[in-house]
Amino acid sequence: MELSPLKILKDVYGYYRFRDRQEEIISAILNGRDAVVLMPTGGGKSICFQIPALCKPGFAVVFSPLIALMKDQVDALRLSGVQARYLNSTQTQSEQMEVVRELNEGKIKLLYLAPERVNDRFWDFLAPHKVSLFAIDEAHCISHWGHDFRPDYRILGEIKNQFPHVPIAAFTATADKKTREDILSNLNLHQPKIFVSSFNRPNIRYIIEDKKNSFSKLLDFLEGQTDESGIIYCLSRKSTEGLAVDLRNHGFKAMHYHAGLNQEKRGQVQDLFAKDEIKIIVATIAFGMGINKSNVRFVVHMDLPKNIESYYQETGRAGRDGLESTALLFYSYADVIKLKRFVEIDDNPEQSEIMLQKLDDLSKMCNFRVCRRKFILNYFDEKANDYCGNCDFCLNEFTEQEATIQAQMALSAVVRLRERFGISYVIDFLRGSASQKIKPFHREIPTFGVGEKWSQNQWYQVVKSLIQQNYLARDGGKYPVLKLTEKSGDILRGREKFYFYIKKEKVLTAVEDKPGELPFEKDLFERLRVLRKKLADEEGVPPFVVFSDKTLRDLATFQPQNLEEMLNISGFGQVKLQKYGRHFLDEVTSYTELHGKSSPTPLRKKVTSSQRKSTSPSDTLLETKRLIKAGLNTEEIAAERGLAESTVEKHLAYWLAQKEAPLDQFVNPEVIELIKNACQTHDILKLKPLKDYLGAKVSYRDLKFYRARSKGIAG
Ligand code: ADP
Ligand code: ZN
């Protein structure tokens, strides 16, 4: 009897529904069809070949490029009771023999291999076996066009000749057409079914910030990340080292990583990161391939990436477990110029023209006043809504400011400078800069320095908006100069007014309540994390292999009280329930005995998406606001709402930051006065020194509320 895919999904993985096209893909493979699956990272590709392998007699052969990836997948499967094995060069002869023996005895359902092991002898070895399917992970490695071409992958074109009747399923997160065509032709697939998913990563919040004061902005951001894992990318090896030291000095567990480290050291750093022993990797782009860690909560770019493809790929390493994650990029025009120089060194002019174009597209993404997600998806030829609700553009409010006069000044400066100069020169001219760069005869022009009252940054905003709104154009590859457009005349002659937009400063990343997330007990989550780490160490695997953060989050949300309820938590299949259920249950119940059960939603057979909506955080925030207005304190609100007080405090911080709740309702006015005075000599963003200074009269809670109100930080 063939096992049903849905039953396997429940019993083995502990999941209750297939995601978008998973079911279709699985059934195509079960029907013997070849398939090509294009799905973004974190989309859930693995299940699409693992479940058919479990349904069919025989075993599946899975090709995967990296030993580390292979090991994690096999470890994870084995923890769920699936008979998976790999063969690779890290094993001893006798270990390999053991795998072969198990294969012969029919004890293996999935065999993972690197393509470099494939030769004629390998085909002979496979021939007598019943192979249920060939799965090719990271299939773009077969294409020259892919960013990660691996010559070994070419041999996989032989599969069809050797096993014409066994289905081949190829998987990749690289979507471009050329790569796709290469996969189809190089694998000799027979009338394959092609599945293309959306490349949207809805759980990644895209944020682009001005690079000015990036280090202190980074510290603010990290403070809101409480002990989560993340990757910080820098352009140079040296800056990765410097930044890692700076972060350690601020108490973060950070280490650097770049291609200059020897193999052993690199492996060590990766391993410590996978095992949650260091939380932050500060790296060049050498770090990434083979990072399977699903609980990377943030990716920061301190410097501009090369193009949108790299940006998408690098940020894509966040949030593979589907939980809310952040991609933060610090943008500066100086970085664009720097990267341009790199590109121009390239001695292939055709190639460098393409790279310049790509860099320009990235710079547009950073500068245009549109939804970042929409920009990215459109760039990859995918349609998107105008508003995603989860990027800095969509989450911020913008104020409109009229600046017709300034626009006229800028445009006439461009005219006066005969359309021969770039942005910084034009701005220096407007501001009457003393810089040596300014040509003496330009100083003689009467409008030199007409805009001295405005800062360089303000002028930059104006010029940038003029470009975005097509009143100015940037022209020329190497040293782009500003030129007028057809529309410029409308402003110059006063036929049109000019407006530009200013982001209302608001720190978004620290807001805990994010769309689509149910509130959970943070302290319980931390305790579960510790337990998971202990169990993972015993097993010798990374924690995310034991359970995903999503599973721990669900435990901390629903707080199951017995093993039966536990089975409803996403990620608890039968085997894991038996093996780990008791441990996690004890942790949860000992917590709830102490603190009471604060689950906002009764535990029921999996929460469906519509049920999630009914308890959306915005509703819960609004409800808290109503009770604040009614004059209740946080303890009373917590009791009234059946929430943990810590959750209510977060809601309150949010409303304080929005200036929608009175501070003196929650902090004694004398205490407010004390904090205010202390802030004359101390930085409110650094709570610990401030607390040490103020002593016992003032609590962290007071400080956080004060900070929320004064700085708009709701963390
Ligand atoms: P990919 O290989 O596409 O990057 P994975 O196969 O690693 O993605 O899946 C990403 C995460 O989503 C994993 O933690 C996986 O267990 C989980 N997942 C996959 N399918 C489902 C599903 N139907 N329901 C819940 N979680 C799923
Ligand atoms: Zn958006």
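Look up: the structure comes first, before these words.
As the structure is a prediction and not an experimental result, all values here were calculated from the model. The written sequence of each chain sets the order in which its residues are numbered from 1. A letter from A marks each chain and a number from 1 marks each ligand, given out in the order of writing. Whole-chain, interface and lining totals are the exception, using all residues; otherwise, since this is a predicted model, local features are given only for residues with pLDDT of at least 70 and side-chain atom pairs are given and counted only at 80 or more. Working from all heavy atoms in the structure, the side-chain values ignore hydrogens and water.

**Here's the deal with the pairing of strand 11 (residues 280–283)**
Under the scheme applied here, a residue whose accessible area is under 20% of the maximum for its type counts as buried, over 50% as exposed, and between as partly exposed, the area being computed with a 1.4 Å probe on protein chains only. Labels follow the DSSP assignment, with helices taken as runs of H or I lasting at least four residues and strands as runs of E lasting at least two, numbered in each case from the N terminus. Side chains of strand 11 alternate between two faces, with Ile 280 and Val 282 and Ile 281 and Ala 283 buried alike. Strand pairing requires that DSSP identify at least two bridges connecting the strands. Of the pairings in the sheet, the one linking strand 9 (residues 229–233) to strand 11 comprises four bridges and is parallel in character. Across the sheet, the residue bridging to Gly 230 is Ile 280, located in strand 11. Pairing of strand 10 (residues 254–257) with strand 11, which is carried by four bridges, proceeds in the parallel orientation.

**Describing helix 29 (residues 634–641)**
For helix 29, the complete set of buried residues consists of Thr 634, Ile 637 and Ala 638. The buried residues of helix 29 all sit within an arc of 100° when viewed along its axis, so they share a single face. Turned more than 90 degrees away from the buried face of helix 29 sit Glu 635, Ala 639 and Glu 640, all of them exposed. Of the residues flanking the start of helix 29, the one acting as N-cap is Asn 633, its side-chain oxygen 3.1 Å from the backbone nitrogen of Glu 635. In the segment just after helix 29, Gly 642 is the residue with positive phi, at about 65°. Note that the arc is defined by the directions from the helix axis to the C-beta atoms. Polar contact is the term for a pair of N or O atoms within 3.5 Å; when the atoms are in protein, one must be able to donate a hydrogen and the other to accept it, and sequence-neighboring residues count only if both atoms are side-chain atoms.

**Considerations on unusual backbone geometry**
The phi dihedral of Asn 213 falls on the positive side, at around 55°, and the residue is not glycine. Topologically, Asn 213 is positioned in the loop between strand 8 (204–210) and helix 9 (214–223).

**Things to note about the packing of helix 1 (residues 5–13) against helix 3 (residues 45–55)**
Working convention: axes come from line fits to C-alpha atoms, limited for helices to the stretch in contact. Angles between N-to-C directions cover 0 to 180 degrees. Here helix 1 crosses helix 3 at 105°, and the two axes come no closer than 10 Å. Taken together, the axis directions place helix 1 and helix 3 in an arrangement best described as roughly perpendicular. Contact residues: Pro 5, Ile 8, Leu 9 and Tyr 13 in helix 1; Ile 47, Gln 50, Ile 51, Leu 54 and Cys 55 in helix 3. Charged means Asp, Glu, Lys or Arg here, nonpolar means Ala, Val, Leu, Ile, Met, Phe, Trp, Tyr, Cys or Pro, and polar covers whatever is left, Gly included. Its residues placed into classes, the contact of helix 1 with helix 3 shows eight nonpolar, one polar and no charged. Angular relationships are summarised with four words: roughly parallel below 35 degrees, roughly antiparallel beyond 145, roughly perpendicular across 65 to 115, and oblique for the angles in between. Whether two residues touch is decided by their heavy atoms; if any such pair falls within 4.5 Å, the residues are in contact.

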